[in-house]
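Structural description and commentary
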Amino acid sequence: MIYVVEQDQERIDRIAGKLYGTARGGTVEALLLANPGLAAEGPYLVRGRGASPFP
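Here is what the cut-offs are and how they apply
Residues numbered from 1 in each chain as written. Predicted model: local features only at pLDDT ≥ 70, side-chain atom pairs only at ≥ 80, totals over all residues. Heavy atoms only, no water. Core = buried A, V, L, I, M, F, W, Y, C linked by side-chain atoms within 4.5 Å. Buried < 20%, exposed > 50% of the residue type's maximum accessible area, 1.4 Å probe, protein only. Helix = DSSP H or I, 4+ residues; strand = E, 2+ residues; numbered from the N terminus. Contact = heavy atoms within 4.5 Å. Salt bridge = Lys/Arg side-chain N within 4 Å of Asp/Glu carboxyl O. Arc of directions from axis to C-beta.

Of all hydrophobic cores here, the largest spans 11 residues; its members are Y3, V5, I12, I15, A16, L19, V28, L31, L38, L45 and A51. Elements supplying a minimum of two residues to this core: α1 (12–20) and α2 (27–34). The dominant element in this core, judged by the number of residues it contributes, is α1, at 4 residues. Leave out the neighbours within four places in its chain, and L31 touches I12, I15, A16, L19, Y20, L38, A51 and S52.

It is worth spelling out the pattern of salt bridges at this point. Tallied over the full model, the rule gives 3 salt bridges. K18 is paired through a salt bridge with E10; the nearest N and O atoms lie 2.8 Å apart. Taking the shortest distance from any N to any O, the salt bridge between E41 and R49 comes out at 2.8 Å.

Here we take up α1. For α1, the set of buried residues is I12, I15, A16 and L19. Seen from one end, α1 has its buried residues packed into an arc of 100°, which puts them on one side. Where α1 is buried, its residues contact β1 (3–4), β2 (10–11), α2, β3 (44–45) and β4 (50–51).

So this is what it looks like as structure tokens:
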């Protein structure tokens, strides 16, 4: 499943919460590991950016 950001300035921790059911327990880090380059985009993502919960 790939999550696609629907509105500008969506936070990475909120995306992790939607994909993994929580933003705690290392899920933000797991999301960053599964999506190389995501961290370089900053804490907010723009509309249309996709993110996968698994590599």
